[in-house]
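Summary of the model geometry
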Amino acid sequence: MMTVAQVSKRTGVSVRTLHHYDQIGLLKPTEVTDAGYRLYDDGALDKLYLILVYRELGLSLNEIGSILDAPDYDRNRVLEHQIQLMQERVEKLQNRISFARGMLMLGVKYMDFEGFDPKKIDEYSQQAKALYGKTDAYKEFEQKQKNRTAEQEKDLNAQVMDFFVRLGKMRPCPPDSEAAQNWAKELQAFFTEHFYTCTPQILGSLAESYAGGGSMTENIDKAGGEGTGAFAKQVIDIYTQKRL
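Only a predicted model underlies this, so the values are computations on that prediction, with no experimental measurement involved.

Analysis parameters
- Residues numbered from 1 in each chain as written.
- Predicted model: local features only at pLDDT ≥ 70, side-chain atom pairs only at ≥ 80, totals over all residues.
- Heavy atoms only, no water.
- Phe/Tyr/Trp six-rings, centres within 6.5 Å; stacked < 30°, edge-to-face > 60°.
- Helix = DSSP H or I, 4+ residues; strand = E, 2+ residues; numbered from the N terminus.
- Buried < 20%, exposed > 50% of the residue type's maximum accessible area, 1.4 Å probe, protein only.
- Lys NZ or Arg CZ within 6 Å of the ring centre and 35° of its normal.
- pLDDT = per-residue confidence, 0-100.
- Contact = heavy atoms within 4.5 Å.
- Salt bridge = Lys/Arg side-chain N within 4 Å of Asp/Glu carboxyl O.
- Axes fitted to C-alpha atoms, helices over the stretch in contact; angles between N-to-C directions.
- Parallel < 35°, antiparallel > 145°, perpendicular 65-115°, else oblique.
- Left-handed = near helix turned anticlockwise from the far one by under 90°.
- Nonpolar A, V, L, I, M, F, W, Y, C, P; charged D, E, K, R; others polar.
- Pairing = 2+ DSSP bridges.
- Core = buried A, V, L, I, M, F, W, Y, C linked by side-chain atoms within 4.5 Å.

Brief notes about the packing of aromatic side chains
Given two aromatic rings, one states the distance between the centres and the angle between the planes to describe the pair. On inspection of all chains with the given rule, the structure shows nine aromatic pairs. The interplanar angle of 80 degrees and the centroid separation of 5.0 Å between the aromatic rings of phenylalanine 164 and tyrosine 210 together place this pair among those described as edge-to-face. With phenylalanine 164 in helix H8 (residues 150-170) and tyrosine 210 in helix H10 (residues 200-210), this pair connects stretches of sequence that are 46 residues apart. For the pair phenylalanine 164 and tyrosine 210, one class covers both residues: buried. Taken together through their ring pairs, the aromatic side chains of Phe163, Phe164, Trp183, Phe190, Phe191, Phe195, Tyr196 and Tyr210 make up a single cluster. If you follow arginine 243 out to its NZ or CZ, it ends over the ring of tyrosine 239, 3.6 Å from the centre.

Right, here's the structure in full:
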């Protein structure tokens, strides 16, 4: 048996929280001594672990209580459910890390992302993963980016957006026209010079993000006119197919 203080020290849960769990019936002590001391056995500690995991997953105390007090409560089933939820959480976290890194590689930091919706992050995660898989490219990007001044970044911002302004003015010429294909070639060279070696595969990943339908597409369309993001993908797809 362990006292409240011992449980608190072992688990990091405050004595006050343990008392609260007892008061609301979420985690009752195994035994209360004549002197009023709460004691907890291994079974109580196991239940506390389940509570802590579910709290970490964002469940309310009422929701946790309903799960643990259900008539058909099964410890193994609950643990399997916890594992599944944690795996989903890890995957979402990895998606967000990939997206954040992908934002750097995609040059998103050089675009006006006013009105960016954080709920759209998962929408872009696969695009970012595909791009960030190029570890050497990311290292190259970091090397080129680290010594740039704020003024230089601002200038790059203008240059990136100018590409889409120019592309928007080319429409309605077909995506396989000489002008459009030269635009794709210039864009590839620009990214190679300022960010990383822009292979046809990376350029294709960029194209996917340009026409992805999220905030990136909205900002590109804002610069070049409605449909510029989708048109950019058509142009780049033709350009890269000839080089893959």
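Section: the confidence of the model for the chain
In this model, the chain carries an average pLDDT of 81, and 81% of its residues clear a pLDDT of 70 or more. Between residues 107-118, whose pLDDT stays under 50, and residues either more than four places distant or in other chains, the model counts 32 contacts.

A short note on the pattern of salt bridges
Going through the model one piece at a time under the given rule, you end up with five salt bridges. The closest approach of N and O atoms between aspartate 22 and arginine 38, which form a salt bridge, is 2.6 Å. You can see aspartate 22 sitting in helix H2 (residues 15-23) and its partner arginine 38 sitting in strand S3 (residues 38-40), a full 16 residues away along the chain. Between glutamate 208 and lysine 233 there is a salt bridge whose closest N-O contact spans 3.6 Å. Placement of the pair is glutamate 208 in helix H10 and lysine 233 in helix H12 (residues 228-241), with a sequence separation of 25 residues. Each of the salt bridges in this network shares a partner with another, and the network as a whole consists of Asp22, Lys28 and Arg38.

Regarding the packing of H8 against helix H11 (residues 215-224)
In contact at an axis separation of 7 Å, H8 and H11 are set at 60 degrees when each is read in the N-to-C sense. With respect to each other, H8 and H11 are oriented oblique. Where H8 crosses over H11, the handedness of that crossing is right-handed. When H8 is examined against H11, the residues Met161, Phe164, Val165 and Gly168 are found in contact with a partner set consisting of Asn219, Ile220, Ala223 and Gly224. In terms of residue class, the contact of H8 with H11 is built from five nonpolar, three polar and no charged.

Looking at the sheet that holds strand S1 (residues 2-3)
What the three strands build is an open sheet, ordered S1-S3-S2; its pairing is antiparallel. Strands with a single pairing partner mark the edges of an open sheet, and in this sheet they are S1 and strand S2 (31-32). Relative to S3, S1 is paired through two bridges, and the arrangement is antiparallel. Note on S3: the bridge partner recorded for methionine 2 is tyrosine 40.

Side note on the nonpolar core
Ranked by size, the top nonpolar core spans 29 residues in total, and within it Trp183, Leu187, Phe191, Tyr196, Leu206, Tyr210 and Ile236 carry the most contacts. For this core, the secondary structure elements donating two or more residues are H8, helix H9 (178-194), H10, H11 and H12. If one sorts the elements of this core by residue count, H8 sits on top with seven residues. If you look at the next biggest cluster of nonpolar residues, it comprises 20 residues, including Tyr21, Leu27, Leu50 and Val78.

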